[in-house]
Each structure stands twice: as structure tokens, then as C-alpha cells.
Amino acid sequence: MQDYNAPIEDILFVINNLTSTSENKNEEYSDPELIKQIFEEAGKFASNVLAPLNRTGDKEGLSLANGLVRMPNGFVDAYDQYIKGGWASVAGSKEYGGQEMPWKIVGGLNEVWHAANMSFSLNMMLTQGAIEAIEAYGTDKQKAKYLPKMISGEWSGTMNLTESQAGSDLSLLKTKAIPQDELYKIYGNKIYITHGDQDMTENIIHLVLARLPDAPKGSKGISLFISPKNMISEDGSLLKRNDVKVVSIEHKLGTIASPTCVLAFGDIEGASAELLAQENGGLKAMFTMMNNARLNVGIQGVSIAERAYQQALNFSLIRMQGNSIDGATEGTVAIIDHPDVQRMLMDMKSRTEAMRALSLYTANELDLSKGALSEEEKNKAQENLDILTPIVKAWCTDQGVLIASTGVQVHGGMGFIEETGAAQHYRDARILPIYEGTNGIQALDLLRRKLTMDDGNIFRRFLNEMKKDAEDCILIEKGELSYIGKKVLKAINILEETADELLSMWKLNKRQAASGATPFIDMCGSIFGGWMMAKSALKASQLLKNDDKNKFLISKISTSSFYVDTVLESALSLKNVVTNAHKNVGAILYNIKN
Ligand SMILES: Cc1cc2nc3c(=O)[nH]c(=O)nc-3n(C[C@H](O)[C@H](O)[C@H](O)COP(=O)(O)OP(=O)(O)OC[C@H]3O[C@@H](n4cnc5c(N)ncnc54)[C@H](O)[C@@H]3O)c2cc1C
């Protein structure tokens, strides 16, 4: 049972109702009918081509022969169709053949691709990031050389940051870049490189962090390079292999069909490379692009949650077990009849909808930060994006794991057995809180860099705007809306108190404040999710005035109600965890060690 149907109605609801259109470009993508057509086509490709390969890819795995990775059966053909459908180029700039769709649409599409087949779609995600880096930092010559083929999907991209001694702390990286003629030679080993090799594209453009001779120590001495798998001539044709070797493919818990490679650069003569961005400015350049990648990883959390939910729902309709608790139905019932199973499914659904709304709202802030009509709007959108990005990355990915786990639970024993696919979603989800900056690092980013912006005033401004939405709900006479609004308003007030306390603690005792960073980001995620559900319920109630039997809209309000009664309610108790649990920070290490 591996069916996947893209949740088009909910994605369109968010894009059309929860995001703003105050952009000075991409007007063609503000037509709801066009957006609908895009998602309908994407949904067909995802269901018919990508989703069926998810399970087969997981079972078959990858092979490495003569230094080349072979993808599982069907992946090369699916990739061909992906390019022919124009899906590779949705985000790239028009100047180089892209379609320049807004990120709120690209984000929605990415959700669909990752839900259908995460191992396949990781290639696209890394390529999107590499394209962005070259668009932002490349010279005109580099852009003309690399972007058209990368945007068309003929070439893919990778990110080469991690080394065995340098993971979260990239200042420790040792890979060297030695200037030679007008180019550079790279020497060093990178580990965990996603789609570091595959046989779907004719070339792979590796973006590599390395140190120049005499570079300053630490993070200030890191530069970014472009080093292709196959060398490229002036006319764009491919030449001999560059000195980049796949040493091995990692054996992993999940995303089995995504090649995670150990790459050796320069074992023989040095891997040829070009400098991208300023010398020693590599980390800054990489971070610009990593922010978008973090948003995309958050979206992967939404994807796996949706896939796990659909899987669990389908199973609950056919698994017959037990009797109806109140005798409403005679004889053995499908497990969906049991209140506890209903609770699990509703929990999965409501969290997933909150995550989707928050992640696409954030994608819209990304659009506005680049394309809003005024500088003031752009700056404000950038501030919002700064706050939202670590929250979306950490919260949505933690939720992805939790929801996939609930999906296993709905299946009972069959969830633990591989044949249903529920176990695969759980295994695939587990990497999400780890890569692209672990969730612990995201929590620290929120505390150290975001909460502290303008001494907490930017965070407070954001919360005040959230409060206005909750107040709008309260003003609606309809009981359920005002109930949701009151609950969300109360939660935002508690979050504000918690944030103020944490900020004060940060000034007094950094170690103690840092201990509360993860529960704080968790609390933010659940409450920001509640805010999104309140906004959704409000919009749904307005739309219901003209369409009072619309099941989707009716269900949106009750799902929001469920969310505020359960997820939001539990988040309130995190205040004490953030501020109290680590009061005695000095004793923690002693306790752990003894
Ligand atoms: C499947 C997979 C795919 C990947 N793809 C890529 C890729 O394409 N390109 C690439 O460059 N890398 C990639 N990575 C690497 C990934 O980004 C790193 O694994 C991740 O950043 C964590 O680094 P680490 O594994 O060295 O863990 P460590 O940094 O050793 O962290 C271990 C633990 O310590 C915590 N920790 C570390 N430092 C701090 C700190 N300062 N404060 C608080 N807590 C801290 C972490 O949160 C974590 O819990 C991939 C990894 C995997 C497993």
C-alpha cells in the first residue's frame, strides 16, 4: 500500500489564502488557475512515476562499480521525464532558461516531490541550492558556463562541506585549494555528499569548501570552489574526468536510494576547480544558500508527514480489528472506528497542515525579501525569514519523525514490518533533524542570532503581528473561531514571556540559556503552527459564507480546533521546561557522568 496523492487542495489553500502577493515580479504566477494546473500536473507525475519507485528504490539500493554510482531501476528514466516535464527549471532565473516561479510555489512542488520519493528528490534539492549559489556569487562567465545546463537539469549540483573532523563546526575543515594558472587544484576528502555521484545526469557540479594557502585559521579562511565531475571545454562540451573519485557509498538507516558518497578530491593530480565568490568568503556564500536549503529540509518534514499520514489512513480503513466501543457498528470494525486510532490520525493531519502552512508562509517571506515593492517591506520580510527559517527547519523535521512514528503505530505490528512502507517513512524521516545543520544548531541559531536581534524587539514585533490574527479570530462571533483565537492569543502571550525570560537569561548565563534552546524552538514551532491554524480557520470561515457545504473548509476549522486543544495545549507547558529544567546547569554534567 504505497499510494500517494499530492494534497493539492491544501497546498492551494495555503498559497492562495495565507501568502501575500505583494511582489513586483512573477505576476504571471499569481493566477490561481495557473497555479492549480501546475500542481495537478505535478501531482500526476508524483503519483504515477516517482511514488512507485520509492519502495523499489529502497529495496534495491545503489551500486558502485568502476568508481561510478548506479541508481536503482527506473530512476534514470524518471529523471528523464522530470527534465522533459520542465520540473528541473521551475526555480532558476529566466535569463538562463529557468521559469523563476516564486518560492511559495517551488516550496509546494518540493513538498510533493519529496513526499513521492525523497531519495530521488534530494538530487533536485541539492541542485537548486548549487544553482542559487552560482546565481548569487558567480561571474557572468561562470553563470553562462554552468547555469543553463544546471537549470535545465542536464547537470546536477552537490554541496561539499562535511569532512570527518568537520561537521557542525566547519571551521575545522582541512581540504586544500592550491592556485594553479588561472584555476585551482583541490586536495582533500569530503564525507556524506548527497548525490555525490549518480547516473541520471551527464555531469555533476560539485561546490566545495576548501582552504587556500596562507588562509586565516578558522571559519574566516574558507573559500568556495566549483569543481565539476567531468571537465568542460570553452564550447561547453564535456572533456575528461576530473580528479574526483567516489571512495564509497554510505550504508544508511534511510533514504537508501539516495547516494551519500565519500568523495576524494585530488588523489592523483589535484581536482581542477574555479573560485566562486571572494577568496576566504566561502562560508558566507554557503550560508546564503544554506538558509534556503534549511527551508527546503523543513519542507521535507512536511512531505514525510503527509506521506506517512496517507499511508496510515489507508491502512486504518482496511484493517479489521475489535468492536465499536459504543456498539454503534455491529461486529468487527475497521480500526479507523476506534477513538484512539482517530486521535492518532487527527494528530498527524493537524500537525501536517500546520507545518505546511508555516513552511509555505516562510517561502513567501523569502519571495518578499527579494521582490517586495518597497525596501521597508523587503527588510521586514528578511527579518521574518531570519526568525522563521530555523523554526521551520527544526520543528517541521522533528514533527516529521514524530508523525512517521505515529504512522507506524497506526499500523500495529505491520508498521514494524517493511512490506507496508510505513517503516520506510520512519527510517527516511530520521535524517531530517540531522543534516543541513542539526536541530540543536538551529535552536542555538534562533537563540543567539535571531531572538537577540535588536535586543528582542524584532521577535516581539513578529509576535505582536501574530496576536492581531488571533484577535481577528476572537472578533468573529462564531463560537469555534473565537475559541481558537483565544487559545492562540494566550499561547502567544506565554511565548512572549518565555522569550523575554530566555533573553534575560542569555545575558546572564549563556550556558543555562543554551540548555533551554531546544525546548524553546519546539515551543515556537508548535505556537507558530497554532497561529497558522488560526489564520487558516479564519480564512475558511470567510470562504464558507459563499460555499457553506464545502467539506474541505469545514474540516479546516475542526482540524484547527483539534490542533489548539492538543498540540498547542501541550506546547504551553514547555515554558517551564525552557526556564526551569536547566536551572542547575552545573550539576547536569556531573549527573550524566555519574
Ligand atoms: C545522509 C546524510 C546526507 C548528508 N548530506 C550532506 C551533503 O550533501 N553535504 C555535506 O557537506 N554534508 C552532508 N551531510 C552532513 C551533515 O550535514 C552533518 O552530518 C551534520 O551537519 C552534523 O555534523 P556531524 O555529523 O559531524 O555531527 P556533529 O557536528 O559531530 O554533532 C554531533 C552532535 O553534537 C551536537 N553539536 C555539535 N556541535 C554543537 C554545538 N556547537 N552546540 C551544540 N551542539 C552541538 C549536534 O547537534 C549533534 O547532536 C549529510 C549527512 C548525512 C547523514
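Structure: see above.
Residues numbered from 1 in each chain as written. Predicted model: local features only at pLDDT ≥ 70, side-chain atom pairs only at ≥ 80, totals over all residues. Heavy atoms only, no water.

1. Considering the overall build of the protein chain
Then step 1. Looking only at helices and strands, the protein chain has 20 helices and 14 strands in total.
Then step 2. Taken along the three principal axes of its C-alpha coordinates, the protein chain extends 75 × 60 × 55 Å.
Then step 3. Across the 594 residues that make up the protein chain, the buried fraction comes to 59%.
Then step 4. The contacts in the protein chain between residues at least 6 apart in sequence include a share of 75% that link residues at least 24 apart.
Then step 5. For the protein chain, the exposed surface amounts to about 24,300 Å²; the carbon and sulfur share of it is 52%.
Then step 6. In the protein chain, 62 side chains carry a positive charge and 74 a negative one; their mean positions are 5 Å apart. (Helix = DSSP H or I, 4+ residues; strand = E, 2+ residues; numbered from the N terminus. Buried < 20%, exposed > 50% of the residue type's maximum accessible area, 1.4 Å probe, protein only. Contact = heavy atoms within 4.5 Å. Areas by Shrake-Rupley, 256 points an atom, 1.4 Å probe, with all protein chains shown as cover. Lys, Arg positive; Asp, Glu negative; His and termini not counted. Charge placed at Lys NZ, Arg CZ, Asp CG, Glu CD.)

2. Focus: a nonpolar patch on the surface
Then step 1. A cluster of nonpolar side chains, Met414, Phe416 and Ile417, forms an exposed patch at the surface whose accessible area comes to about 330 Å².
Then step 2. Take Ile417: it is sitting in the loop between α10 (413-416) and α11 (422-429).
Then step 3. The class for Ile417 is partly exposed, based on a relative accessible area of 41%. (Patch = residues over 30% accessible without salt bridge, like charges linked within 9 Å, V, L, I, M, F, W, Y side chains within 5 Å. Salt bridge = Lys/Arg side-chain N within 4 Å of Asp/Glu carboxyl O.)

3. Some thoughts on the pattern of salt bridges
Then step 1. By the definition in use, this model includes 35 salt bridges.
Then step 2. Here Glu41 makes a salt bridge to Lys44, at a shortest N to O gap of 3.0 Å. Here Glu41 and its partner Lys44 are both found in helix α2 (residues 32-60), three residues apart, which amounts to about one turn of the helix.
Then step 3. A relative accessible area of 45% places Lys44 in the partly exposed class.
Then step 4. In this structure, Lys349 engages Glu353 in a salt bridge whose closest nitrogen and oxygen atoms are separated by 2.8 Å. Here Lys349 and its partner Glu353 are both found in helix α8 (residues 339-371), four residues apart, which amounts to about one turn of the helix.
Then step 5. Assessed through its relative accessible area of 9%, Glu353 is described here as buried.

4. A word on the site of the ligand
Then step 1. Within the structure, the ligand sits among 18 residues, and Thr162, Ser168, Tyr192, Thr194 and Thr438 are positioned closest to it.
Then step 2. In this structure, a nitrogen atom belonging to the ligand sits 2.7 Å away from a side-chain N or O atom of Thr194.
Then step 3. Calculation on the ligand without its partners gives an accessible area of 970 Å², and the protein chains cover 61% of this total.
Then step 4. Ranked by residue count, the leading element in the shell around the ligand is strand β5 (residues 183-194), at three residues. (Near = heavy atom within 4 Å. Polar contact = N/O pair within 3.5 Å; in protein donor to acceptor, adjacent residues only side chain to side chain.)

5. Points about the packing of helix α1 (residues 8-17) against α8
Then step 1. Running from N to C, α1 and α8 point in directions that differ by 40°, and their axes come no closer than 10 Å. In terms of orientation, α1 and α8 fall into the oblique class. Judged by the sense of rotation from one axis to the other, the crossing of α1 with α8 is right-handed. Across from Asp10, Ile11, Val14 and Ile15 in α1, the residues of α8 making contact are Glu353, Arg356, Ala357 and Leu360.
Then step 2. Counted by class, the contact of α1 with α8 contains five nonpolar, no polar and three charged residues. (Axes fitted to C-alpha atoms, helices over the stretch in contact; angles between N-to-C directions. Parallel < 35°, antiparallel > 145°, perpendicular 65-115°, else oblique. Left-handed = near helix turned anticlockwise from the far one by under 90°. Nonpolar A, V, L, I, M, F, W, Y, C, P; charged D, E, K, R; others polar.)

6. Topic: the nonpolar core
Then step 1. In this structure, Leu109, Trp113, Leu207, Phe520 and Phe528 are the most contacted members of the largest nonpolar core, which totals 164 residues.
Then step 2. Dropping the residues within four chain positions of it, Leu207 is found in contact with Ala130, Ala133, Ile134, Thr158, Met159, Asn160, Leu224, Phe225, Ile226, Leu276, Met286 and Met289.
Then step 3. Counting 18 residues, the second largest nonpolar core, distinct from the first, contains Val69, Ala177, Leu212 and Phe225. (Core = buried A, V, L, I, M, F, W, Y, C linked by side-chain atoms within 4.5 Å.)

7. Side note on the pairing of strand β11 (residues 260-265)
Then step 1. Taking burial as the measure, the six residues of β11 include six buried ones, the bulk of the element.
Then step 2. With burial as the criterion, each face of β11 is covered, one bearing Thr260, Val262 and Ala264 and the other bearing Cys261, Leu263 and Phe265.
Then step 3. Sheet topology places strand β10 (residues 244-249) next to β11; five bridges connect them, and they run antiparallel. Bridging across to β11, Lys245 finds its partner in Ala264. (Pairing = 2+ DSSP bridges.)

8. Remarks on helix α12 (residues 439-451)
Then step 1. At Asp445, α12 shows its strongest bend, of approximately 25°.
Then step 2. Within the sequence span of α12, burial applies to Asn439, Gln442, Ala443, Asp445, Leu446, Leu447, Lys450 and Leu451.
Then step 3. Check the buried side of α12 and you find it contacts α7 (282-318), α9 (375-411), α13 (457-475), α14 (479-508), α15 (510-515) and α16 (517-544). (Bend = angle between axes of the 7 residues up to and from the residue.)

9. Considerations on the state of the cysteines
Then step 1. Inspection of the entire model under this criterion finds zero disulfides.
Then step 2. Cys524 forms no disulfide, and the closest cysteine sulfur to it belongs to Cys396, at a distance of 13 Å. (Disulfide = S-S within 2.5 Å.)

10. Thoughts on the side chain of Lys467
Then step 1. Relative to the elements of secondary structure, Lys467 occurs in helix α13.
Then step 2. Of the polar contacts made by the side chain of Lys467, one reaches the side chain of Asn493; its length is 3.3 Å.
Then step 3. Ignoring any residue separated from it by four or fewer positions in sequence, one finds Lys467 in contact with Leu489, Ile492, Asn493 and Glu496.

11. Describing the environment of Thr158
Then step 1. Structurally, the position occupied by Thr158 is in strand β3 (residues 155-160).
Then step 2. Taking the C-alpha atoms as reference points, Thr158 and Ile204, separated by 46 residues in sequence, lie 7.3 Å from one another.
Then step 3. At a separation of 2.9 Å, a polar atom in the side chain of Thr158 contacts the side chain of Asn160.

12. Quick word on the packing of aromatic side chains
Then step 1. This model, assessed by the stated rule, comprises 15 aromatic pairs.
Then step 2. The interplanar angle of 80° and the centroid separation of 5.8 Å between the aromatic rings of Phe45 and Trp113 together place this pair among those described as edge-to-face. With Phe45 in helix α2 and Trp113 in helix α4 (residues 103-116), this residue pair connects regions lying 68 residues apart in the sequence.
Then step 3. A residue is classified by how much of its surface remains accessible, and Phe45, at 9% relative accessible area, is buried.
Then step 4. The ring of Trp506 carries Lys510 above its face, with NZ or CZ at 4.7 Å from the centroid. (Phe/Tyr/Trp six-rings, centres within 6.5 Å; stacked < 30°, edge-to-face > 60°. Lys NZ or Arg CZ within 6 Å of the ring centre and 35° of its normal.)

13. Observations concerning the packing of α8 against helix α17 (residues 551-565)
Then step 1. The interhelical angle for the contact between α8 and α17, taken along N-to-C directions, is 100°, at an axis separation of 9 Å. On the basis of the axis angle, α8 is roughly perpendicular to α17. Residues Arg343, Met346, Asp347, Lys349, Ser350, Arg351, Glu353 and Ala354 of α8 form the contact with α17, whose participating residues are Ser555, Lys556, Ser558, Thr559, Phe562 and Tyr563.
Then step 2. Looking at the contact of α8 with α17, its residues break down into four nonpolar, four polar and six charged.

14. Examining unusual backbone geometry
Then step 1. Its identity as a non-glycine residue notwithstanding, Asn66 has a phi of 50°, on the positive side.
Then step 2. For Asn66, the position within the fold is in the loop between β1 (63-65) and β2 (68-70).
Then step 3. The backbone of Tyr192 shows a phi angle near 60°, a positive value even though the residue is not glycine.
Then step 4. Looking at the element boundaries, Tyr192 is found in strand β5.

15. Quick notes on the side chain of Ser324
Then step 1. Within the secondary structure, Ser324 sits in the loop between β13 (320-323) and β14 (332-334).
Then step 2. A polar contact is formed between the side chain of Ser324 and the side chain of Asp326, at a distance of 3.1 Å.
Then step 3. Engagement of the side chain of Ser324 in a polar contact is seen with the side chain of Asp337, the distance being 3.3 Å.
Then step 4. Excluding anything up to four places from it in sequence, Ser324 contacts Thr329, Gly331, Val333 and Asp337.

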